[in-house]
Amino acid sequence: QAQLVESGGGLVQPGGSLRLSCAASGRTSNIYFMGWYRQAPGKQRELVARITSDSRTTYTDSVKGRFTISRDNTVNTVYLQMNSLKPEDTAVYYCYAANRDLLTYWGQGTQVTVSS
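Fair warning: this is a prediction, and the values are worked out from it, not measured in the lab.

J.: Go over the packing of aromatic side chains with me, naming the residues and quoting the values.
T.: On inspection of all chains with the given rule, the structure shows four aromatic pairs. Where Tyr-96 meets Trp-106, the ring centres are 5.9 Å apart and the plane angle is 45 degrees; that geometry is what we call tilted. In this pair, Tyr-96 sits in strand β9 (residues 91-98) while Trp-106 sits in strand β10 (residues 104-106), placing the two residues ten residues apart along the sequence. Aromatic ring contacts, followed pair by pair, group Tyr-37, Tyr-96 and Trp-106 into a single cluster. Cation over ring: Arg-100 sits above Tyr-32, and NZ or CZ is 4.0 Å from the ring centre.

As C-alpha cells, this is what we get:
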C-alpha cells in the first residue's frame, strides 16, 4: 500500500499561481505514474497532468503552457506548478499514483479556488 498526502491548494485571484505537492510513502517502489485529477461541481473528473518515473509528462489541453508537473524522486514527491490560473480551474485536485498494472492510490484532495 502507498499513502499520498497532498497540499498547496487555496484561494487565488485570476492570473495568480499555486503550487501543489503530493508526497508518497509506504510501498512506492513500483509507482510508475503520478499526477492529478480534478473534479469540479457538475463536471466530469478529468486528468490534469501526470508524470512517469522517467519524467515523461502529459497534460490536458486546457492547462498546457500554464501548468508544469515535476517530480523529486529522492523524496517521492511530485509538484504541480499552476500559473495564470483561471476561474475554470476551480476544482478539488486529487493526487494519484499508479503502477504499470494501473493499481491506483489517491490523495485526500485539495481545494483550488480561483476567484476575484
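Structure's up, so let's keep going.
J.: Can you tell me about the state of the cysteines, naming the residues and giving the values?
T.: A full pass over the atoms with the stated rule returns one disulfide. What pairs with Cys-22 in a disulfide is Cys-95, and their sulfur atoms sit 1.9 Å apart. Its torsion about the S-S bond being -90 degrees, the disulfide of Cys-22 and Cys-95 is classed as left-handed. Remark: Cys-95 occurs in strand β9 and Cys-22 occurs in strand β3 (residues 18-26); sequence separation between them is 73 residues. Here Cys-22 matches Cys-95 in class, with each residue buried.

J.: Describe unusual backbone geometry, with residues and values.
T.: With a phi close to 50 degrees, Asn-76 is a non-glycine residue in the positive phi region. One can find Asn-76 in the loop between β7 (67-72) and β8 (77-82). For Asn-76, a relative accessible area of 33% puts it in the partly exposed group. Even without being a glycine, Leu-102 presents a positive backbone phi close to 70 degrees. As for its position among the elements, Leu-102 is in the loop between β9 and β10. Accessibility expressed as a relative area gives 59% for Leu-102, which makes it exposed.

J.: Hey, could you go over the pairing of β3 for me, with residue numbers and the actual values?
T.: Pairing geometry for strand β1 (residues 2-7) and β3, over six bridges, is antiparallel. From the neighbouring strand, Leu-4 faces β3, where its bridge partner is Ala-24. Examined bridge by bridge, β3 and β8 share six bridges and lie antiparallel to one another. Pairing of Cys-22 across the sheet is with Val-78, part of β8.

Conventions used here
- Chains are numbered independently. Their residues run from 1 in the order of the written sequence.
- Whole-chain, interface and lining totals are the exception, using all residues; otherwise, since this is a predicted model, local features are given only for residues with pLDDT of at least 70 and side-chain atom pairs are given and counted only at 80 or more.
- Hydrogen atoms and water are omitted, and side-chain values are computed over all heavy atoms in the structure.
- Aromatic contacts are taken between Phe, Tyr and Trp rings whose centres are within 6.5 Å, Trp giving its six-membered ring; a plane angle under 30 degrees counts as stacked, one over 60 as edge-to-face, and the others as tilted.
- Helix numbers and strand numbers start at the N terminus; a helix is a DSSP run of H or I with at least 4 residues, a strand a run of E with at least 2.
- Counting as a charge over the ring demands two things of the Lys NZ or Arg CZ atom: a distance within 6 Å of the ring centre and an angle within 35 degrees of the ring normal.
- The disulfide criterion used throughout: a pair of cysteine sulfur atoms within 2.5 Å.
- The buried label goes to any residue with under 20% of its type's maximum accessible area, the exposed label to any with over 50%, and the partly exposed label to all in between, with areas taken from a 1.4 Å probe on protein chains only.
- Strands qualify as paired when DSSP identifies two bridges or more between them.

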